[in-house]
Structure formats: structure tokens, C-alpha cells
Amino acid sequence: MILTVTPNPSLDRTYEVPSLDRGEVIRATGERMDPGGKGVNVSRAVAAAGRRTVAVLPLGGAPGALVADLLDAQGIEVAPVPISGGTRSNIALAESDGVLTKINAPGPQLSAAEQELLLETVRRQSAAADWIACCGSLPRGLGPSWYADIVARTHAEGARIALDTSGPALLAALRERPDVVKPNAEELAEAVGRPLATIGDAVKAAEELRELGAGAVLASLGADGQLLVNGSGTWFGSARVDTVRSNVGAGDSSLAGFLIAGGSGPEALASAVAHGAAAVQLPGSVMPTPADLDLSAVTVTSEIPVDRVLREPVS
């Protein structure tokens with residue numbers, strides 16, 4: 001079982017539009033409503049693969065109730081933490097050329113009692129978990145060290161933890177040595193405090209995160225592919241993608257694929273790349289099923305193209 005923890009979940013509305021023209025009335029060509037948040041998306045991808053997952057998340061108000069109903073309809077077990085504030089609602093506008101514009105609400109503020117209940121719920125649910133995936137931004141009320149506390153408690157219980165967050169929360173958690181961290185290129189550059197222009201730059205940045213405490217670094221480099229750096233070596237994975245429809249949740253799908261395949265080594269990286277490539281070819285934040293995966297389109301190598309310039313360099 002893969003347990004996910006999403007401290008700041010959301011109700012996500014995605015509209016497909018021909019183009020985004022400011023000040024104009026835009027008619028959507030398609031729309032979706034999905035439960036959102038990085039950890040929620042990981043659970044959705046795990047469930048789509050036919051594996052058991054439990055989602056721990058604070059929920060409040062009508063949006064929170066709808067998130068729970070949507071997850072239940074997808075066969076996902078929810079371990080809710082009731083809160084007095086309302087779960088946030090986000091909007092995404094997906095243009096026909098693949099450009100995505102997102103409007104993310106800040107989310108509710110958790111009281112001290114709600115924060116403690118969230119920690120206790122994670123502790124109770126973690127006993128049956130093969131992996132715990134803690135993902136996303138922190139809501140108001142939770143300090144940057146909150147994820148570090150979760151990592152320490154998880155290791156004290158003997159469980160493995162994957163962390164997908166950024167900024168001060170990521171840096172604070174590294175001292176507790178999370179088993180896996182999954183930054184994207186921007187988050188990786190922010191963590192080391194310098195631009196990334198090549199794949200070699202990304203490798204060096206990932207190595208620095210390992211020196212700071214990460215057991216393994218699974219780095220998403222957008223259209224360029226993904227890197228896995230751990231104590232056994234470094235691997236680079238990429239996949240052929242015919243059409244990009246939406247990249248919402250693609251990184252979360254990748255993390256799910258990685259954990260489903262064991263969470264270690266080149267085979268897990270191949271699964272991560274296949275899941276991410278499948279996700280970007282689906283609308284909105286739809287998660288891929290096994291039928292959507294194409295492992296034959298995936299290449300994983302230990303021969304890293306260090307001089308290859310990133311298609312989207314991070315300044």
C-alpha cells in the first residue's frame with residue numbers, strides 16, 4: 001500500500017480553451033473537475049494502476065466534501081482530517097498548443113489541534129504502508145519544518161518516505177534524510193541557488209541534495225526527461241511523446257510510477273518516465289492506466305548526456 005499525505009489539497013477545475021486572450025470571452029472546448037494536490041494525484045495514479053492507496057488529507061467545507069466523493073468514486077481510500085476552513089479550489093486553463101495557465105488558491109489555515117490530528121492520522125495509517133509519499137505545499141499554519149517532523153516520525157516507525165515539496169520545506173526536511181525527494185528543474189535550481197542550463201548541471205545539483213541528506217533524487221526535467229541519482233549511480237530516462245495535452249499531475253504520476261516499481265534503480269526510473277509521458281498525453285489531470293503506458297518508448301541509460309542543453313533552462 002502507498003500512503004499519500006497532502007497537507008493542502010484542492011478541488012481542481014480544468015478548462016480546455018483554443019487560446020488564452022486577456023479581456024475576451026473565451027469558450028471552453030472541454031472541462032473537468034478533479035480532486036487535486038500533489039499527494040492526491042499520486043494516489044489517483046496508484047489507484048489507476050490497480051494498486052491500493054490511502055490518502056490522508058485535511059478536508060473542510062463543500063469543496064472538501066466533493067474532493068472526498070470524487071476520490072471515493074475512483075476507489076481511493078480517504079483518511080480525512082476534518083478542519084474548520086474550506087478546502088481550496090484551483091483553476092487551470094489548458095490551451096490547444098499545450099500551454100497551461102494555473103490559478104492556485106492559498107488554502108485554509110490549520111489550527112494547532114488540526115495540525116496535531118493530521119500528524120496522528122499519518123501515524124495511524126502508516127503501519128500498513130510500503131511507502132509514504134508526502135507532497136505539495138504547506139497550508140497556512142504549518143511551518144517549514146513540518147515535513148522534517150513527518151520524515152523523522154516515519155523513520156522512527158521503520159517506514160520509507162518520498163518527499164515532493166520545495167523551498168524552505170524541502171531544505172529543512174533534508175536533514176532528516178528522506179529516502180527519495182522528487183524536485184522538478186525549477187525546484188532543483190532553487191534548492192542549490194543557481195541556474196541549470198544543461199543536464200550535467202542538473203546532475204550536480206541532485207548530487208548536492210544527496211550530500212544534504214536525500215537518499216535518492218528523482219528529478220523531473222520536463223520535456224528533457226528525468227534523472228535518478230542515488231548511492232548506486234546516476235541514470236537518465238526519456239520517452240517519445242507524440243502529443244502534449246496537459247502536464248497537470250505529470251510529475252505526480254511519475255512519482256507514483258517510481259514507487260509502484262519499488263522506488264529504487266533504473267527499472268523504477270523507467271516506470272516513472274513511462275507514467276509521466278502517458279500523463280502529458282491525457283486531458284486535464286487524468287492519470288494513466290496500464291493500457292496508456294508505452295515502455296517501448298522509454299530509454300534509460302547510465303551514460304548521462306551531461307553537455308546537452310536543457311530545452312527549458314532554469315535561470
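The structure presented is a predicted model; accordingly, all values stated were derived computationally and were not measured.

Draft legend 1. Broad picture of empty space enclosed by the protein. Applying the stated criterion across every chain, the model contains one cavity of 30 Å³ or more. If you add up the space inside the largest cavity, you get close to 60 Å³. V122, R123, S126, I132, I150, R153, T154 and E157 together form the lining of the largest cavity. Residue contributions to the lining of the largest cavity peak at three residues, all from helix 4 (residues 146–156). The residue makeup of the lining of the largest cavity, split by class, is three nonpolar, two polar and three charged.

Draft legend 2. Molecular detail of the packing of aromatic side chains. The full count for this structure, using the stated rule, is one aromatic pair. On the numbers, 5.6 Å between centres and 65° between planes, the contact of W146 with Y147 is edge-to-face. Grouping residues by exposure puts W146 and Y147 together as buried.

Draft legend 3. Inspection of the UniProt feature "domain: Carbohydrate kinase PfkB" (unreviewed entry) in the protein at higher detail. The positions that UniProt labels "domain: Carbohydrate kinase PfkB" (unreviewed entry) are, in the present scheme, residues 16–290. Taken end to end, residues 16–290 comprises 39% helix and 24% strand; its first and last C-alpha atoms sit 25 Å apart.

Draft legend 4. The packing of helix 1 (residues 38–48) against helix 8 (residues 250–260), seen in detail. Running from amino to carboxyl end, helix 1 crosses helix 8 at an angle of 55°, the nearest separation of the two axes being 8 Å. Classified by the angle their axes make, helix 1 and helix 8 are oblique. Crossing handedness for the pair helix 1 and helix 8: right-handed. Counting all contacts with helix 1, which are made through K38, N41, V42, A45 and V46, the residues of helix 8 involved are D252, S253, L255, A256 and I260. Residue composition of the contact of helix 1 with helix 8, grouped by class: six nonpolar, two polar and two charged.

Draft legend 5. Quick look at the sheet that holds strand 3 (residues 30–36). With mixed pairing, the four strands of this open sheet are ordered in space as 3-2-6-7. Two strands in the sheet have a free side with no partner beyond their single neighbour: strand 3 and strand 7 (100–103). Taking each pair of neighbouring strands and ignoring which way they run, the sheet shows an average axis angle of 20°. Across seven bridges, the pairing between strand 2 (residues 10–17) and strand 3 is antiparallel. Across the sheet, residue L11 finds its bridge partner in strand 3, namely P35. Strands in contact with helix 2 (residues 61–73) are strand 2, strand 3 and strand 6 (88–95); relative to strand 3, the strand with the most contacts, it is inclined by about 95°.

Rules of the game
- Going along each chain's sequence as written, the residues are numbered from 1 onward.
- Residue-level local features of this predicted model are given only where pLDDT is at least 70; pairs of side-chain atoms are given and counted only at 80 or more, and the full residue set underlies all totals for whole chains, interfaces and linings.
- The side-chain figures draw on all heavy atoms in the structure; neither hydrogens nor water molecules are used.
- The distinction between a cavity and a pocket rests on a 1 Å grid over the protein atoms alone: a 1.4 Å probe fits inside a cavity but cannot get out, while a pocket stays open yet meets protein on both sides within 12 Å along at least five of seven lines, and a residue with an atom within 4 Å of a point counts as lining.
- Grid points are joined across faces, edges and corners, and a volume is the space filled by probe spheres set on the points.
- Under the scheme used here, helices are H or I runs from DSSP no shorter than 4 residues and strands are E runs no shorter than 2 residues, and both carry numbers assigned from the N terminus.
- Three classes are used: nonpolar for Ala, Val, Leu, Ile, Met, Phe, Trp, Tyr, Cys and Pro, charged for Asp, Glu, Lys and Arg, and polar for all others, with Gly counted as polar.
- When the centres of two rings from Phe, Tyr and Trp lie within 6.5 Å, Trp using its six-membered ring, the rings pair. Their planes under 30 degrees apart give stacked, over 60 give edge-to-face, and anything left gives tilted.
- Classification of residues uses two cut-offs on accessible area relative to the type maximum, computed with a 1.4 Å probe and protein chains only: under 20% is buried, over 50% is exposed, and between them is partly exposed.
- UniProt positions are given in the numbering used here, feature names are shortened, and annotations may be inferred rather than shown by experiment.
- Whenever a helix is involved, its axis is fitted only over the stretch in contact; in every case the axis is a line through C-alpha atoms, and angles between N-to-C directions fall within 0 to 180 degrees.
- Roughly parallel covers angles under 35 degrees, roughly antiparallel covers those over 145, roughly perpendicular covers 65 to 115, and oblique covers all other angles.
- We call a crossing left-handed when the near helix sits turned anticlockwise from the far one by less than a right angle, and right-handed when that turn is clockwise.
- Contact criterion: two residues are considered in contact whenever any of their non-hydrogen atoms come within 4.5 Å of each other.
- The pairing criterion for strands is at least two bridges between them, as found by DSSP.

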